[in-house]
Amino acid sequence: MSIDADTKLFCLLGHPISKSLSPIIHNYSFEENEVNARYVAFDVDKNALKYAVNGIKALNIQGFNVTIPHKVDIIKLLDEIDEEANLLGAVNTVKNVNGKLTGFNTDGRGFIQALQNNNIDIKDKNITIIGAGGAARAITMTMAKDGARSIQVANRTVEKAKKIAYEISSKFQNVVTSWTDIQNINTVDMDIVVNCTSVGMYPDAESFIIDPCIFNKNALICDIVYKPTLTKFLNVAKQSGYRIMGGIDMLIYQAILSEQIWLDKKINSKLFTEKKKDIFNIL
Ligand code: NAP
């Protein structure tokens, strides 16, 4: 598809962004869905965020994503945020309508959609989340909202796990919550286990947070780290016969949800699942 005077521009603001896969995902999607648009990544540090946002308004760029370290700081630069972004206290997607900026968060919903694409419904499931950073918070809150039965949050810094567990139980009384350090994790009767720490991420690809094989054999083992696409955590689980889901799935779905917000139209996600191996060089 060629660039012309009607081509829309969408972008990512983050720091660092050199390893981001978002331009690959969005440009592939625009091409396949015949949307006359392009997506680029801008390396913007904390001090430059407000200037970048002013520039986006001046150029009438109709939507953008924000990633580390801007997901919370962006909120004060927006006119409003939607219900889910408010629940998560963070924004990863912004829509610009004639200079009015609205914030959304598609991270948690992207993970849930990736599960649904693997025919897994979150309702009444027992879940272990390892990690208590921004991504863990987005995923746990969305799972609680969608009717998980129980959520155990395990983290190196136990206070952070406790904070998330408290927040879930204050907002969703029906969900049984618990917190722990990683060594004392409860491994019994888990339906879904998700590594939400950055352990195992390139270039430290040989490390893994915990042996996934301590969980019951019918648990689905997930990792939201997407570089490498098959992390050590997932590979160990796979070798032992567990079902697994990698971080690329969440990355794809959070991107598709962003596009649907910007473009007000349904985006075909089947294209990704069919060609995922080719797009991301998955072995
Ligand atoms: P974050 O807010 O910085 O949180 C990092 C988490 O990792 C914390 O729980 C931290 O524990 C834990 N951690 C880091 N190093 C550790 C170590 N050596 N041992 C034990 N725990 C360790 O980061 P985030 O935004 O939540 O992102 C986490 C990971 O998810 C990153 O790799 C990111 O690339 C990935 N991610 C993927 C997607 C996707 O679409 N697939 C989306 C968002 C994020 P402490 O609290 O104890 O420090």
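Just so it is clear, the model here is predicted, and its values are computed rather than measured.

Criteria and thresholds
Residues numbered from 1 in each chain as written. Predicted model: local features only at pLDDT ≥ 70, side-chain atom pairs only at ≥ 80, totals over all residues. Heavy atoms only, no water. Helix = DSSP H or I, 4+ residues; strand = E, 2+ residues; numbered from the N terminus. Rg over C-alpha atoms; globule rule 2.2 N^0.38 Å. Buried < 20%, exposed > 50% of the residue type's maximum accessible area, 1.4 Å probe, protein only. Areas by Shrake-Rupley, 256 points an atom, 1.4 Å probe, with all protein chains shown as cover. Lys, Arg positive; Asp, Glu negative; His and termini not counted. Charge placed at Lys NZ, Arg CZ, Asp CG, Glu CD. Near = heavy atom within 4 Å. Polar contact = N/O pair within 3.5 Å; in protein donor to acceptor, adjacent residues only side chain to side chain. Pairing = 2+ DSSP bridges. Axes fitted to C-alpha atoms, helices over the stretch in contact; angles between N-to-C directions. Contact = heavy atoms within 4.5 Å. Expected span 1.5 Å × (residues − 1). Phe/Tyr/Trp six-rings, centres within 6.5 Å; stacked < 30°, edge-to-face > 60°. Lys NZ or Arg CZ within 6 Å of the ring centre and 35° of its normal. Patch = residues over 30% accessible without salt bridge, like charges linked within 9 Å, V, L, I, M, F, W, Y side chains within 5 Å. Salt bridge = Lys/Arg side-chain N within 4 Å of Asp/Glu carboxyl O. Left-handed = near helix turned anticlockwise from the far one by under 90°. Nonpolar A, V, L, I, M, F, W, Y, C, P; charged D, E, K, R; others polar.

> What's the story with the overall build of the protein in this structure? I'm lost.
Along the backbone of the protein there are 9 helices and 12 strands. A globule of 283 residues ought to have a C-alpha radius of gyration of about 19 Å, and the protein, at 19 Å, matches this closely. With respect to the principal axes defined by its C-alpha atoms, the protein has extents near 60 × 40 × 30 Å. Residue burial in the protein is summarised as follows: out of 283 residues, 48% are buried. Summing over all exposed atoms, the protein offers an accessible surface of approximately 13500 Å²; the carbon and sulfur share of this is 50%. Side chains of the protein give 32 positive and 31 negative charges; the mean places of these two sets differ by 2 Å.

> Sorry if this is basic, but what is going on with the site of the ligand here?
Close to the ligand lie 22 residues, the nearest being Ala135, Asn155, Thr157, Lys160 and Ile224. Within the backbone of Ser198, a nitrogen or oxygen atom sits 3.4 Å from an oxygen atom of the ligand. One of the backbone N or O atoms of Ile224 is found 2.8 Å from a nitrogen atom in the ligand. Coverage of the ligand by the protein amounts to 76% of the 930 Å² it exposes when considered alone. Among the elements that take part in the shell around the ligand, helix H8 (residues 247-263) stands out by supplying 3 residues, more than any other.

> Mind showing me how you'd approach the sheet that holds strand E8 (residues 150-154) here?
Strands in a sheet are paired, the pairing made by backbone hydrogen bonds, and the direction either parallel or antiparallel. Judged by pairing direction, the sheet is parallel, and its 6 strands sit side by side in the order E9-E8-E7-E10-E11-E12 without closing on themselves. The open sheet has two free edges, formed respectively by strand E9 (176-180) and strand E12 (243-245), since each of these has just one partner strand. Taking the axes of each pair of neighbouring strands and ignoring which way they run, one obtains an average angle of 15 degrees across the sheet. Judged from the 5 bridges that link them, strand E7 (residues 126-130) and E8 form a sheet pairing that is parallel. If you follow Ile129 over to E8, its bridge partner there is Val153. In the packing of helix H7 (residues 232-239) onto the sheet, the strands contacted are E7, strand E10 (192-195), strand E11 (220-223) and E12, and the crossing angle to E11 comes to about 160 degrees.

> Help me out: how do you make sense of the pairing of E9 in this one?
Two faces belong to every sheet, and in a regular strand the side chains alternate between them. Bridge count for E8 against E9 is 5 bridges, and the pairing is parallel. Paired with Ala154 across the bridge in E9 is Thr180.

> Before we go on, may I ask you to explain helix H5 (residues 134-145) in this structure?
Think of an α-helix as turning once every 3.6 residues; residues three or four places apart then point the same way. With 12 residues, H5 should cover 16 Å at 1.5 Å per step; its first-to-last C-alpha distance of 17 Å lies within 8% of that length. Backbone geometry just downstream of H5 places Gly147 in the positive-phi region, at approximately 95 degrees.

> Honestly, the sheet that holds strand E6 (residues 100-104) in this entry has me stumped. Any pointers?
The 6 strands are arranged E2-E1-E3-E5-E6-E4 in an open sheet whose pairing can be described as mixed. In this open sheet, the two strands that pair with only one neighbour each are strand E2 (37-43) and strand E4 (80-81). Bridging between strand E5 (residues 93-97) and E6 involves 5 bridges; their strand directions are antiparallel. Across the sheet, the residue bridging to Thr93 is Phe104, located in E6. In the packing of helix H1 (residues 22-32) onto the sheet, contacts are made with strand E1 (8-14), E2 and strand E3 (63-66), and the angle to E2 comes to roughly 170 degrees. The strands that helix H2 (residues 49-59) touches are E1, E3, E5 and E6; relative to E1, the one it contacts most, it runs at about 175 degrees.

> Just checking my understanding: could you explain the pairing of E5 for this structure?
Most of E5 sits inside the fold, with 4 of its 5 residues counted as buried. With 3 bridges joining them, E3 and E5 adopt antiparallel strand pairing. Across the sheet, the residue bridging to Gly63 is Lys95, located in E5. Once E5 ends, the chain turns through 2 residues before running back antiparallel as E6, passing Asn98 with a positive phi of about 50 degrees.

> Sorry if this is basic, but what is going on with the packing of aromatic side chains here?
Each aromatic ring pair is specified by the distance between its two centres and by the angle formed by the two planes. This structure, assessed with the given rule, holds 4 aromatic pairs. Grouping aromatic residues by their ring pairs yields a cluster made of Phe10, Phe30, Tyr39 and Trp262. Residue placement shows Lys227 over the ring face of Tyr202; its charged tip is 5.5 Å from the ring centre.

> It is not clear to me how a nonpolar patch on the surface should be interpreted in this structure. Could you clarify?
A surface patch of nonpolar side chains, amounting to about 210 Å² of accessible area, comprises Leu9, Val40 and Phe42. Tracing the backbone shows Phe42 in strand E2.

> I would appreciate a short explanation of the packing of H8 against helix H9 (residues 270-280) in the present structure.
The packing of two helices is summarised by the inter-axis angle and the distance between the axes. At a closest axis distance of 12 Å, the pairing of H8 and H9 adopts a crossing angle of 115 degrees. In this structure, the crossing between H8 and H9 has a hand that is right-handed. On H9, the residues touching Ile248, Asp249, Ile252, Tyr253 and Ile256 of H8 are Phe272, Thr273, Lys276 and Phe280. Of the residues assigned to the contact of H8 with H9, the class counts are 6 nonpolar, 1 polar and 2 charged.

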